[in-house]
Amino acid sequence: MEAKELLDSLDVGVLAMAPDWTIAEWSAAAARITALPADRVLGQSIWIAFPAAKGTELERVFGDVLADGRPRTFLAPAGAPEAPGTVLETRVTRGAADHLAVAFRPVHEELAPESRAAQLLSALEAERRLYLQLFSSLPTPALVLTPDGQILDTNSEGAKLLGGRDAAALRGRALAEWAPAAQQGMLAAALRHAVTRRQDVALSFEFAGEPAREVRAVVVNVDPVRAAPKLLFLALDVSREMLLQQRLLQADRLSQLGALVSGVAHELNNPLAAIAAFGEALALDPHQADLEESAEVIRSEAMRAGRIVQTLLDFARQRPRIQTAVDLGEIAERVLALQRSALKKARIRTTVSVPNDVPAVAGDPQELQQVMLNAVVNARQAIEGTGRPGQITIAGRLSDHHVLVTVDDTGPGVPPEILDRVFEPFFSTKPEHGTGLGLAISFGLVRGMGGRMWMQNVEGGGARLSFELPVDAGSPDATARATGRPAAQRLSLLVVEDEEAVRRAMALLAKRLGHEVTTVGRFAEATARLAQPGARYDALLVDVHLDEAHTGFDLFDHLRTEGRGLEQRIVFTTGDSISTQTRDALERADRPVLRKPFSLDDLREMLERVAAG
């Protein structure tokens, strides 16, 4: 009979330990007694079989037998979770080439129940079962470590924290394996100091292909009497809490930004309205044909600045979701206007290809702008990562009662192995800068509007983000505008505006349309003018913010109290569309709003609506 067969036939478990304290042989009885098969222990540290014995008397026995060669016998619990309550009689002898032969057998059942040893071992077994139950049932990750960071044991939550499927696979490994290099020194120092004093640590655990997990932990010595103490590492995964905190801080900054933008919007939009109006009037003046190009540049740039302010207001304000017809080409242009500086710095060219025959889609303008902005930002960051100039192309086309929008970039593309995960929450390919929520939020917004979104790599390099949205059922066909066309009906207008430049500009545009215009600058002047005998106005253009003591809503309430119905002829003008007070007051008044800056066509359409009503 061969030696291996002979060992396997014994009722006594036998193992051979190499000089480096790894298991070289493991008998069938050893596997049966400990419930650990040979393929899990061969080549592993001896402590995978006896995890609770690390730093105990058994470790000293191994060292003594290696040193002097005298065999020794030891009685102790097995210490493995796979064999709870098992007490082993262990015989350790030194063999050839400094290998240790370890023979062990369970002896608890063989002791007489009335013996003192049996009573002690029963008490020890009960304490051990209680410890295991408490340790295993902890709702937070818990690990038992040596002072040098070796894992002796872990509960199921600890195994999950480290990405392991079970505790046995982690025993004998160093906790530092999961810590980034920059934090390993800090972790080692904390474990050393924990031998004598409780330590609180904060570190990251890294996994291949997974976002880092932020961990807060308490480390205490739970076996301070022994020369080789054991450390309890109680951890809390605070990744989501930290992300939530970051998002709350970001929300607070956005709230502050919103308040700031709201405050300056009125100050910006009023002069922009005047610049745009005078520029448009100058461009339409037949006697100033040589200045037409310059005037058009003034007008278009003022309007572009106004759109940027409006975009910032839309992003900053909180409001319920709406469903309306949305021009995707306009959304794309607004997003690129916001990103213009960053795109220029990154040497990225942009192209928007949304033909005029592409209908509007049904959706929320603000949410679609967020989706488009996230797509452009991701594309820009992908190209920036290459260090080379690039191109972003936004295209839209009609596809079976839907509008298909694609955002292409010339970046490196998405690694194929993670292409299916890009829409997962908290999954990010940019751990230093990303939260892993951008595409996930965009995916949810598009689905909420009845569409779908997907990602693919394009041939030749780069990535393509595509999303499809339903066509707006009531979207009218696009019609060309005749710039400078006179109004179909001559109206008598009263302009109530406190800023002289804006007042003059509004009067200039209204007269260009063929209307009769009267202008006033203050609340008292407006009420006096409206109270004059024979005063008749088809429409009142009233600024939301008038003098120091009154607003446009005060004039609205004054006219409503008079009971002549003049308040139903008011069109409010404003450059402030974010403040809660203004928004609520506009909703209560339920009157049309002309936002500054506005064009001649915007004014014509608004006045035609009022005249038709």
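Here is what the cut-offs are and how they apply
- Residues numbered from 1 in each chain as written.
- Predicted model: local features only at pLDDT ≥ 70, side-chain atom pairs only at ≥ 80, totals over all residues.
- Heavy atoms only, no water.
- Helix = DSSP H or I, 4+ residues; strand = E, 2+ residues; numbered from the N terminus.
- Buried < 20%, exposed > 50% of the residue type's maximum accessible area, 1.4 Å probe, protein only.
- Contact = heavy atoms within 4.5 Å.
- Areas by Shrake-Rupley, 256 points an atom, 1.4 Å probe, with all protein chains shown as cover.
- Pairing = 2+ DSSP bridges.
- Expected span 1.5 Å × (residues − 1).
- Polar contact = N/O pair within 3.5 Å; in protein donor to acceptor, adjacent residues only side chain to side chain.
- pLDDT = per-residue confidence, 0-100.
- Salt bridge = Lys/Arg side-chain N within 4 Å of Asp/Glu carboxyl O.
- Phe/Tyr/Trp six-rings, centres within 6.5 Å; stacked < 30°, edge-to-face > 60°.
- Axes fitted to C-alpha atoms, helices over the stretch in contact; angles between N-to-C directions.
- Parallel < 35°, antiparallel > 145°, perpendicular 65-115°, else oblique.
- Left-handed = near helix turned anticlockwise from the far one by under 90°.
- Nonpolar A, V, L, I, M, F, W, Y, C, P; charged D, E, K, R; others polar.
- Core = buried A, V, L, I, M, F, W, Y, C linked by side-chain atoms within 4.5 Å.

(A) The overall build of the protein chain, seen in detail. Tallying secondary structure elements over the protein chain gives 17 helices and 22 strands in all. For the protein chain, buried positions account for 45% of its 613 residues. Restricting the contact set of the protein chain to residue pairs at least 6 apart, pairs at least 24 apart contribute 59%. Per element, the accessible surface of the protein chain, about 31200 Å² overall, is 52% carbon and sulfur.

(B) Fine view of the pairing of strand β1 (residues 13–17). Where burial is concerned, most of β1 is hidden: five out of the five residues are buried. Residues Gly-13, Leu-15 and Met-17 line one face of β1 and the alternating positions Val-14 and Ala-16 line the opposite face, and both faces are buried. In this sheet, strand β5 (residues 100–106) lies alongside β1 in antiparallel orientation, the contact comprising five bridges. Opposite Leu-15, over in β5, you have Val-102 as the bridge partner. Sheet topology note: the β1/strand β2 (residues 23–26) ladder contains three bridges and is antiparallel. In the sheet register, Ala-16 faces β2, and the bridge partner there is Glu-25.

(C) Region of interest: helix α11 (residues 365–384). With 20 residues, α11 should reach 28 Å at 1.5 Å per residue; the first-to-last C-alpha distance of 28 Å fits that figure. Across the 20 residues of α11, 14 count as buried, placing the element largely inside the fold. For α11, the N-terminal capping position is held by Asp-364, with its side-chain oxygen 3.1 Å away from the main-chain nitrogen of Glu-367.

(D) View of the confidence of the model for the protein chain. Scored by pLDDT, the protein chain comes out at a mean of 80, with 78% of its residues at no less than 70. Segment residues 476–483: pLDDT under 50, and nine contacts once partners within four positions in sequence are set aside and those in other chains are kept.

(E) Quick look at unusual backbone geometry. Cis geometry is adopted by the peptide bond preceding Pro-597, which originates at Lys-596 and carries an omega value of -10 degrees. Mapped onto the elements, Pro-597 comes out in the loop between β22 (593–595) and α17 (600–612). With phi around 55 degrees, Asp-98 is a residue other than glycine that occupies positive phi space. On the secondary structure map, Asp-98 appears in the loop between β4 (87–94) and β5. Relative accessible area serves as the criterion here: at 42%, Asp-98 is assigned to the partly exposed category. The phi angle at Asp-590 is positive, at roughly 55 degrees, despite the residue not being glycine. Topologically, Asp-590 is positioned in the loop between α16 (580–589) and β22. Using a relative accessible area of 62% as the deciding quantity, one classes Asp-590 as exposed.

(F) Geometry of α17. In this model α17 runs 18 Å from its N-terminal to its C-terminal C-alpha over 13 residues, within 8% of the 18 Å that 1.5 Å per residue would give. What α17 keeps buried is the set Leu-600, Asp-601, Leu-603, Arg-604, Met-606, Leu-607 and Val-610.

(G) The pattern of salt bridges, seen in detail. Going through the model one piece at a time under the given rule, you end up with 18 salt bridges. In this structure, Asp-68 engages Arg-70 in a salt bridge whose closest nitrogen and oxygen atoms are separated by 4.0 Å. Of the charged contacts in the structure, one is a salt bridge between Glu-89 and Arg-105, with a shortest N-O distance of 2.6 Å. Of this pair, Glu-89 sits in strand β4 while Arg-105 sits in strand β5, and the two are 16 residues apart along the sequence.

(H) Quick look at the packing of aromatic side chains. What the rule picks out here adds up to six aromatic pairs. Centre to centre, the rings of Trp-21 and Phe-62 are 5.9 Å apart; their planes meet at 80 degrees, and the pair counts as edge-to-face. Note that Trp-21 is positioned in the loop between β1 and β2 and Phe-62 in helix α4 (residues 57–68), a separation of 41 residues in sequence. For Phe-62, a relative accessible area of 0% translates into the label buried. Relative to Phe-62, the ring of Trp-47 lies with its centre 6.2 Å away and its plane at 40 degrees, an arrangement referred to as tilted.

(I) Representation of the sheet that holds strand β18 (residues 492–496) in the model. Strand order across the open sheet formed by five strands is β19-β18-β20-β21-β22, with parallel pairing between neighbours. Here the strands that pair on one side only, and so sit at the sheet edges, are β19 (516–520) and β22. Averaged over all pairs of adjacent strands, the angle between strand axes in this sheet comes to 20 degrees, irrespective of strand direction. In terms of strand pairing, β18 meets β19 through five bridges, oriented parallel. Its bridge partner lying in β19, Leu-494 is registered against Thr-518. On the sheet, helix α15 (residues 552–562) packs against β18, β20 (539–543) and β21 (570–574) and is oriented at approximately 170 degrees with respect to β21.

(J) The sheet that holds strand β17 (residues 463–470), seen in detail. Spatial strand order, β12-β14-β15-β17-β16: five strands in an open sheet with mixed pairing. Each edge of the open sheet carries a strand with a single partner, namely β12 (348–353) and β16 (452–457). Taken over all neighbouring pairs, the strand axes of this sheet differ in orientation by 15 degrees on average, direction set aside. Against the sheet, helix α12 (residues 438–448) makes contact with β16 and β17, and its axis sits at roughly 135 degrees relative to β16, the strand it touches most.

(K) Just the packing of helix α10 (residues 328–345) against α11, in detail. For the pair α10 and α11, interaxial distance at closest approach is 9 Å and the crossing angle is 40 degrees. Taken together, the axes of α10 and α11 are oblique relative to one another. As for how α10 packs across α11, the hand of that crossing is right-handed. Residues Leu-328, Ile-331, Ala-332, Arg-334, Val-335, Leu-336, Leu-338, Gln-339, Ala-342 and Leu-343 of α10 lie in contact with α11, whose contacting residues are Pro-365, Leu-368, Gln-369, Met-372, Leu-373, Val-376, Val-377 and Arg-380. Among the residues making up the contact of α10 with α11, the classes are represented as 14 nonpolar, two polar and two charged.

(L) Looking closely at the pairing of β4. By the bridge criterion, seven bridges tie β4 to β5 in an arrangement that is antiparallel. Along β5, the bridge assignment pairs Leu-88 with Pro-106.

(M) Layout of the nonpolar core. Counting residues in hydrophobic clusters, the biggest one holds 39 residues, and the most contacted among them are Leu-368, Met-372, Ile-392, Ile-394, Met-455 and Phe-467. The set of elements that each furnish at least two residues to this core consists of α10, α11, β14 (390–399), β15 (402–409), α12, β16 and β17. In terms of residues, this core owes the most to one element, α11, which gives nine residues. Sequence-distant contacts of Met-372, defined by excluding residues within four places in its chain, comprise Leu-328, Ile-331, Ala-332, Val-335, Ile-394, Val-405, Val-407 and Phe-467. Among the nonpolar cores identified, the runner-up in size contains 25 residues, and Ile-48, Phe-50, Val-65 and Val-102 belong to it.

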